[in-house]
Amino acid sequence: MKKYLYFFILGLFFVLSSLYLPNAVFAQEEVENNNSLATANALTSGQDMLGTISTSSDVDFFKLSTSGAGQIRFELISVPEGLDLGMYIYDKQGNYWFNVNSKGETGKEVAIFYVDEAGEYAVQVYRSGGISSSQIKYTLRPTFTLLAEIDPYEPNNNLAVAIELTSGQEILSKIYRA
């Protein structure tokens, strides 16, 4: 009887902790060597990744797979005060897309962008300044949301999938970067 009670309590703990504890408790840790696109660590949407910039020249690459058109959000959190990290964002072909670096002004870095189809999109975390420290520990929080969950009228990029309008009907939607 005690054995069953033990497993019941253990199972209950895991269920409740997955509902109430922050993502960092169940975060993945980066695996070195992830210093290039070819050796990038895989990310899971909604699951934090713990990383370390160990030297001034160290960089960390990560890839997030998407299942269709949607919004990607990469957020650097838990960066120690006085340290500055930035992010380079790469498209699904591995081409540099854009840079996010507030120069430590906001206390965190956030990249939010839209993708028009499924693929692997990458982020490179790098040290861009701040006080000297041999190691910088950070948390990267990746999130992917399908466009249809953000905007019920998407995708509607051609007549074949256009939404039919009714006279007098008000539509609230967005135009996304192609």
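Parameters and conventions
Residues numbered from 1 in each chain as written. Predicted model: local features only at pLDDT ≥ 70, side-chain atom pairs only at ≥ 80, totals over all residues. Heavy atoms only, no water. Helix = DSSP H or I, 4+ residues; strand = E, 2+ residues; numbered from the N terminus. Pairing = 2+ DSSP bridges. Salt bridge = Lys/Arg side-chain N within 4 Å of Asp/Glu carboxyl O. Buried < 20%, exposed > 50% of the residue type's maximum accessible area, 1.4 Å probe, protein only. Polar contact = N/O pair within 3.5 Å; in protein donor to acceptor, adjacent residues only side chain to side chain. Contact = heavy atoms within 4.5 Å. Core = buried A, V, L, I, M, F, W, Y, C linked by side-chain atoms within 4.5 Å. Phe/Tyr/Trp six-rings, centres within 6.5 Å; stacked < 30°, edge-to-face > 60°.

1. Notes on unusual backbone geometry
For the bond running from Glu 32 to Asn 33, omega is 10°, close enough to zero to count as cis. Structurally, Asn 33 is set in the loop between strand S1 (28–29) and strand S2 (41–43). Despite not being glycine, Ser 78 has its phi angle at roughly 60°, a positive value. Within the element layout of this structure, Ser 78 appears in the loop between strand S5 (70–77) and strand S6 (83–90).

2. What about the sheet that holds S1?
Strands sit in the order S1-S3-S10-S5-S8 across an open sheet of five strands; the sheet is mixed. In the strand order of this sheet, the two ends are held by S1 and strand S8 (109–115), each with one partner. Judged from the eight bridges that link them, S5 and strand S10 (residues 136–146) form a sheet pairing that is antiparallel. Paired with Gly 70 across the bridge in S10 is Leu 146.

3. Quick notes on the pattern of salt bridges
Per the stated rule, a full pass over the model turns up four salt bridges. Salt-bridge contacts for Asp 48 lead to Arg 141; the nearest nitrogen and oxygen are separated by 2.8 Å. Of the two residues, Asp 48 sits in the loop between S2 and strand S3 (49–53) while Arg 141 sits in strand S10, which places them 93 residues apart along the sequence. By relative accessible area, Asp 48 is classed as buried at 0%. Arg 141 sits in the partly exposed class, given a relative accessible area of 25%.

4. Observations concerning the side chain of Asp 91
When you line up the elements, Asp 91 lands in the loop between S6 and strand S7 (96–100). Judged by relative accessible area, Asp 91 falls into the buried class, the value being 17%. A polar side-chain atom of Asp 91 sits 3.0 Å from the main-chain amide nitrogen of Gln 93. When sequence neighbours within four positions are dropped, the list of residues in contact with Asp 91 reads Trp 97, Glu 120 and Tyr 121.

5. Description of the side chain of Asp 84
Positionally, Asp 84 belongs in strand S6. Owing to a relative accessible area of 6%, Asp 84 belongs among the buried residues under this scheme. A polar contact is formed between the side chain of Asp 84 and the side chain of Ser 128, at a distance of 2.8 Å.

6. Focus on the nonpolar core
In this structure, Phe 74, Met 87, Tyr 138 and Leu 140 are the most contacted members of the largest nonpolar core, which totals 24 residues. Counting residues per element, the ones that place at least two in this core are S3, strand S4 (59–66), S5, S6, S8, strand S9 (119–130) and S10. Residues in contact with Leu 140, not counting those within four places in the same chain, are Leu 43, Gln 47, Asp 48, Met 49, Phe 62, Phe 74, Glu 75, Leu 76, Met 87 and Val 123. Within the second largest apolar cluster, six residues are counted, among which are Ala 40, Val 59, Phe 61 and Ala 122.

7. What to know about the packing of aromatic side chains
Applying the stated criterion to the full structure yields nine aromatic pairs. Ring geometry for Tyr 88 and Tyr 96: centres 5.6 Å apart, planes at 75°, overall edge-to-face. Between Tyr 88 and Tyr 126, the aromatic rings sit 4.4 Å apart at their centres with planes inclined by 15°, giving stacked as the arrangement. In this pair, Tyr 88 sits in strand S6 while Tyr 126 sits in strand S9, placing the two residues 38 residues apart along the sequence. The exposure class of Tyr 126 is buried, given its relative accessible area of 9%.

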